[in-house]
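# What the coordinates show
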Amino acid sequence: MTKLDDVKANVENYKTKLIAGSCQEALDEGAKPTEVLEAMIAGMGVVGDKFSKGEIFVPEMLIAAKTMNKGMEVIQPLLAGDGAQSLGKCIIGTVKGDLHDIGKNLVCTMIGAAGFDMIDLGVDVPKEKFVETIEANPDVKVVALSALLTSTMDSMKETAAFINEIKGKYSFKLLCGGAPITQAFADEIGADGYAIDAGAAAIKAKELIGA
Ligand code: B1M
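### Concerning the domain arrangement of the protein
Domains assigned within the protein are domain 1 (3–82) and domain 2 (88–208). With 11 residues of domain 1 at the contact, the number on the domain 2 side is six residues. For the domain 1 and domain 2 pair, buried surface summed over both sides reaches about 640 Å², with 75% attributable to carbon and sulfur atoms. At the junction of domain 1 and domain 2, the tally comes to zero salt bridges. Every element with two or more residues in the side of domain 1 that touches domain 2 is listed here: helix H3 (33–52) and helix H4 (58–79).

In structure tokens, the structure reads:
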């Protein structure tokens, strides 16, 4: 077992107290922060599969999420940028009805590391809250929507439509993503961009504003 295997196993087995230590040990052994992150995501993949098979239930998923968040505390500072360059504001949130925030937080970190000033609205965000925040920040450059459930894809669609109604008054770009989201869906709902993961989201956000 490598230290990265330990990281994956600790997420998979809900070892909330051991995860930070194993992340640090993996880093000390020379693993890159992104490799530690990938190991944790792989552990989450196993948790998701067990949930799909009915082997575990929501409480276990919650403990797995808590475990991953503890690990994120170790690697997040290493993923974050130096904040030297500002590319403008980015509003981000998980759409209404959806409580998943680990991926959204990661996207927030990576877009922030790329140079944007992040306004994180959290989870279960009503479409009105996105529009209200855009109106309060008329210089916003990117609005980023996350959804993790097939059942909240409709909520993302509604949110995008609501945002697109006022878009003509501003110059921001609309970015979306999350496990069930595809480029085709992003096109269908009138988003300007789609990204498959947090790293790609940071690249896409910059590309959308021509930076
Ligand atoms: Co939920 N859940 N969950 N869950 N959960 C999934 C998503 C699921 C796939 C599990 C499964 O069945 N295998 C399944 C969805 C099935 C579907 O719709 N197709 C599911 C379900 C069904 C549910 C409930 C309905 C369960 C229930 O109550 N019966 C319920 C819904 C609650 C709600 O939201 N209303 C529920 C609840 C929960 C918890 C609250 C217990 C917990 C979340 C805790 C939290 O987030 N704080 C939870 C968890 C932990 C998971 C799994 C196991 C892990 C999610 C995660 O954090 N992954 C998940 C299974 C899985 O993903 N393997 C599952 C790691 C994270 C880094 O990846 O979030 O995908 P991800 O983010 C990625 C990309 O998606 C992308 O970048 C990130 C990585 O770089 N990305 C973007 C995300 N947002 C982006 C935005 C972008 C661009 C890219 O641009 C703006």
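### Details of the coordination of the cobalt atom of the ligand
Just one protein atom donates to the cobalt atom of the ligand; it is His100 (NE2), sitting 2.2 Å from the metal. Within the secondary structure, His100 sits in the loop between strand E1 (88–94) and helix H5 (102–113).

### Things to note about the sheet that holds strand E2 (residues 116–120)
Strand order in the open sheet made by the five strands is E2-E1-E3-E4-E5, with parallel pairing throughout. The sheet is open, and its two edges are formed by E2 and strand E5 (193–194), each paired on a single side. Here E1 pairs with strand E3 (residues 142–146) via five bridges, running parallel. Pairing of Ile91 across the sheet is with Val143, part of E3.

Rules behind the numbers
- Residues numbered from 1 in each chain as written.
- Predicted model: local features only at pLDDT ≥ 70, side-chain atom pairs only at ≥ 80, totals over all residues.
- Heavy atoms only, no water.
- Domains from an automatic or database assignment.
- Contact = heavy atoms within 4.5 Å.
- Buried area = accessible area lost by both parts, 1.4 Å probe.
- Salt bridge = Lys/Arg side-chain N within 4 Å of Asp/Glu carboxyl O.
- Helix = DSSP H or I, 4+ residues; strand = E, 2+ residues; numbered from the N terminus.
- Donors = N, O, S within 2.8 Å, 3.2 Å for Na, K, Ca; no water.
- Pairing = 2+ DSSP bridges.

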